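Spelled out, the chains give:
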Amino acid sequence: MTSGNEIIPAPRAVEGPARDAVLLDDRTTLWAAPGTESTERWLRATLGAALGLPLRTGPEQACDGVRLLVDDTMEPETYRLDVGVHQGVEIRGGDPAGVFWGAQTLRQLLGPEAFRRAAVRPGTRHGIPHQIIEDGPRFCWRGLLLDVARHFMPKEGVLRQLDLMAAHKLNVLHFHLTDDQGWRIEIERHPRLTEVGSWRSRTKFGHRASPLWDDRPHGGFYTRDDIREIVAYAADRHITVVPEIDVPGHSQAAIAAYPELGNTDVLDTRALSVWDTWGINPNVLAPTDNTLRFYEGVFEEVLELFPSEFIHVGGDECPKDQWRASPTAQARIKELGLAGEDGLQAWFIGHFDTWLTARGRRLIGWDEILEGGLAEGAAVSSWRGYAGGTAAARAGHDVVMCPEQQVYLDHRQDGGADEPVPIGYVRGLEDVYRFEPVPTGLTPDEARHVLGAQANVWTEAMEDAARVDYQVFPRLAAFAEVAWSRLPAPERRDFADFERRMEAHYERLDALGVAYRPPGGPKPWQKRPGVLGRPIEGPPPYR
Ligand code: ACM
């Protein structure tokens, strides 16, 4: 039997466990107060299915039942899980999300079998020791970026990732839907974005400098109904999906579909196809009225599908060479009195900031949007270290911290030759556990602008779900604890205790069928070289 001392992410306070236990079986009833319907559905569909418990609706005071209720004297997303009250289980949340996070803790208390999809021992009684757990998150933005552009992840895989996020109390999916190598969301008014932009004819194999391609097509996209399903599935798990349409760089797939979006006065953009290699791409959007109108149309459809307050517009890695060479871009800089090409990028992003704000949404972009002046009201994803986040918070802008050297989960987990994904810096489980989201040197008022943290999963080197699992787990468990729990300063964190709790967590991940990286290194089949092949000569970083 599991106690609150084995939960990941670690809760704020655990009282107990005592020797007595609550026993759940096929007579156990469920009583759900208004506002707790999402957790009621989840408990029956997930926990109930795993343990073979029907969890029939029962009276509020059933002695051995499970009670769910919202208590609005408590803070948002917090919960109190009381095992043993009236001999039953009560989850009291500050809001519906708090009740749901409490149910995630209850699942962990029930042991690894609770993480399966069907009962392996039907008819068994499941005991939980009497205890009280009080808990709540440190940050309101506990994110995972999933790059479905570099390698498409079919819808089922995304829904599974949402379940895995929920199990770790993460609540924002940053959905990277467009890039040079693929456009993944159906846009009705611009059908070629997916007809042309969602497929590439081949993919670079081996390191970027290698002469090899895999010579097979890769692609796919989500229909509008797929997106609606993903957003609803996430919402039912108290996860917000923040879509990213990356502009004005990372746009070759869009230009391949609609060549007039590119800098046609610099090159013949009709010759471009969806990009089949990796790196920073020089083919960026032309800063014309036509481009603005085109993307307003894209964002109109995006707003219809995604109710999130924040809409991500990218803004990263936009080389300015084509704008320097383009008479059209130069004329625009002159006409608007802009500070060169950086000013042109700021104008471009600023246009969509005004456009989104007028529609009741907020713009968020990568920290490059700080260059040339940050659009008013915009928030920043700080990826190039801490400097962008620090500058943005000092200027009064909200920030999500996802520094590349700490929480890019595409980076390798070990320096050994067996590591299947050879890119990036070595960032092991302990490195992620010691990640501190709040930059040093901020005043308390400035630090309040740090909404939270995000782990980013860029998929150049991850061509399938097993590869994603390997890179993401177990490090996402460490990340979740950083984002949820109130850990001490990095050097004082008890990594040995985290490793101890991970022993129980590996059993949960096994039951879920997650192909994580085992503590001792990859299993033989996990060593297979991937799209990016084996390490080239020399020490990391390799890219
Ligand atoms: C990024 O990694 N280019 C945001």
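Residues numbered from 1 in each chain as written. Predicted model: local features only at pLDDT ≥ 70, side-chain atom pairs only at ≥ 80, totals over all residues. Heavy atoms only, no water.

### As for the sheet that holds strand β20 (residues 362–366)
Around the barrel, which closes on itself, the eight strands sit in the order β10-β11-β18-β19-β20-β21-β22-β23 with parallel pairing between neighbours. Averaged over neighbouring strand pairs, the angle between their axes works out to 30 degrees when direction is ignored. Both strand β22 (residues 399–401) and strand β23 (residues 450–457) contribute to a ladder of three bridges, which runs parallel. In the sheet register, Val 400 faces β23, and the bridge partner there is Gly 452. Seen against the sheet, helix α11 (residues 387–394) touches β21 (379–382) and β22 and runs at an angle of roughly 160 degrees to β22. (Pairing = 2+ DSSP bridges. Helix = DSSP H or I, 4+ residues; strand = E, 2+ residues; numbered from the N terminus. Axes fitted to C-alpha atoms, helices over the stretch in contact; angles between N-to-C directions. Contact = heavy atoms within 4.5 Å.)

### Regarding helix α10 (residues 340–358)
Under the 1.5 Å per step criterion, the end-to-end length of α10 is 27 Å for 19 residues, consistent within 8% with the ideal 27 Å. As for α10, its buried residues are in contact with β18 (240–247), α7 (289–305), β19 (310–314), α8 (321–325), α9 (327–336) and β20. Looking one or two places after α10, you find Gly 360, whose phi comes out positive at around 80 degrees. (Expected span 1.5 Å × (residues − 1).)

### Examining a negative patch on the surface
Taken together, the side chains of Glu 499, Glu 503, Glu 507 and Asp 510 define an acidic patch exposed on the protein surface. Looking at the secondary structure, you find Asp 510 in helix α17 (residues 495–512). (Patch = residues over 30% accessible without salt bridge, like charges linked within 9 Å, V, L, I, M, F, W, Y side chains within 5 Å. Areas by Shrake-Rupley, 256 points an atom, 1.4 Å probe, with all protein chains shown as cover. Salt bridge = Lys/Arg side-chain N within 4 Å of Asp/Glu carboxyl O. Lys, Arg positive; Asp, Glu negative; His and termini not counted. Charge placed at Lys NZ, Arg CZ, Asp CG, Glu CD.)

### With respect to unusual backbone geometry
Across the junction of Val 247 and Pro 248, the peptide omega takes the value -10 degrees, indicating a cis bond. Along the polypeptide, Pro 248 turns up in the loop between β18 and α6 (252–257). A cis geometry characterises the amide bond from Phe 473 onward to Pro 474, with omega recorded as 10 degrees. As for its placement among the helices and strands, Pro 474 is situated in the loop between α15 (465–472) and α16 (475–484). Phi is positive for Leu 55, close to 50 degrees, though the residue is something other than glycine. Considering the arrangement of structural elements, one finds Leu 55 in the loop between α1 (37–51) and β4 (56–57). With relative accessibility at 5%, the residue Leu 55 sits in the buried group. (Buried < 20%, exposed > 50% of the residue type's maximum accessible area, 1.4 Å probe, protein only.)

### Digging into the environment of Arg 427
Counting through the fold element by element, Arg 427 comes out in the loop between α12 (404–407) and α13 (429–433). Taking the C-alpha atoms as reference points, Arg 427 and Arg 412, separated by 15 residues in sequence, lie 6.2 Å from one another. Once you skip the residues sitting within four places of it in the chain, Arg 427 turns out to touch Gln 405, Gln 406, Arg 412, Gln 413 and Arg 475.

### Notes on the nonpolar core
Among the nonpolar cores identified, the biggest contains 134 residues, and Phe 175 and Tyr 295 are the most heavily contacted of them. Apart from residues no more than four positions distant in its own chain, Phe 175 is found in contact with Leu 146, Val 148, Val 158, Tyr 222, Ile 227, Ile 230, Val 241, Val 242, Pro 243, Glu 244 and Phe 306. Formed by eight residues, the second largest nonpolar core is a distinct cluster that contains Val 172, Phe 310, Ala 379 and Val 400. (Core = buried A, V, L, I, M, F, W, Y, C linked by side-chain atoms within 4.5 Å.)

### Here we look at the side chain of Asn 263
Tracing the sequence through the fold places Asn 263 in the loop between α6 and α7. Engagement of the side chain of Asn 263 in a polar contact is seen with the side chain of Gln 322, the distance being 3.1 Å. Other than its neighbours up to four places away in sequence, Asn 263 contacts Thr 269, Val 284, Leu 285, Ala 286, Pro 287, Gln 322, Trp 323 and Ser 326. (Polar contact = N/O pair within 3.5 Å; in protein donor to acceptor, adjacent residues only side chain to side chain.)

### Quick notes on the side chain of Thr 46
Along the chain, Thr 46 turns up in helix α1. Using a relative accessible area of 17% as the deciding quantity, one classes Thr 46 as buried. With residues near it in sequence (within four places) discarded, Thr 46 still touches Arg 107 and Arg 116.

### Examining the pattern of salt bridges
This model, assessed by the stated rule, comprises 48 salt bridges. For the salt bridge of Glu 40 with Arg 44, the shortest nitrogen-to-oxygen distance reads 3.2 Å. Remark: Arg 44 and Glu 40 occur in helix α1; sequence separation between them is four residues, near one turn of the helix. The exposure class assigned to Arg 44 is partly exposed, which follows from its relative accessible area of 28%. As a salt-bridge pair, Glu 77 and Arg 142 come within 2.7 Å of each other at their nearest N and O atoms. Of the two residues, Glu 77 is situated in the loop between β5 (66–70) and β6 (79–83) and Arg 142 in strand β10 (residues 141–147); the sequence distance between them amounts to 65 residues. Assigned by exposure class, Glu 77 and Arg 142 land together as buried. Counted as one network, the salt bridges with shared partners bring together Glu 188, Arg 189, Arg 224, Glu 300, Glu 301 and Glu 304.

### Thoughts on the sheet that holds strand β9 (residues 131–135)
To summarise the sheet geometry, strands pair through backbone hydrogen bonds and adopt either a parallel or an antiparallel arrangement. Here we have seven strands laid out as an open sheet, ordered β1-β9-β6-β7-β5-β3-β4, and mixed in their pairing. On the outer flanks of this sheet lie β1 (13–15) and β4, each paired with one strand and no other. As paired elements, β1 and β9 share three bridges and run antiparallel to each other. The partner of Glu 15 across the bridge, within β9, is Ile 132.

### A short note on the packing of α16 against α17
Between α16 and α17, the least distance of the axes is 11 Å, while the angle of their chain directions is 125 degrees. In terms of their interaxial angle, α16 and α17 are classed as oblique. Judged by the twist between their axes, the crossing of α16 over α17 is right-handed. Contacts between α16 and α17 involve Ala 477, Ala 478 and Glu 481 from the former and Phe 498, Arg 501, Met 502 and His 505 from the latter. Partitioned by chemical class, the residues of the contact of α16 with α17 number four nonpolar, one polar and two charged. (Parallel < 35°, antiparallel > 145°, perpendicular 65-115°, else oblique. Left-handed = near helix turned anticlockwise from the far one by under 90°. Nonpolar A, V, L, I, M, F, W, Y, C, P; charged D, E, K, R; others polar.)

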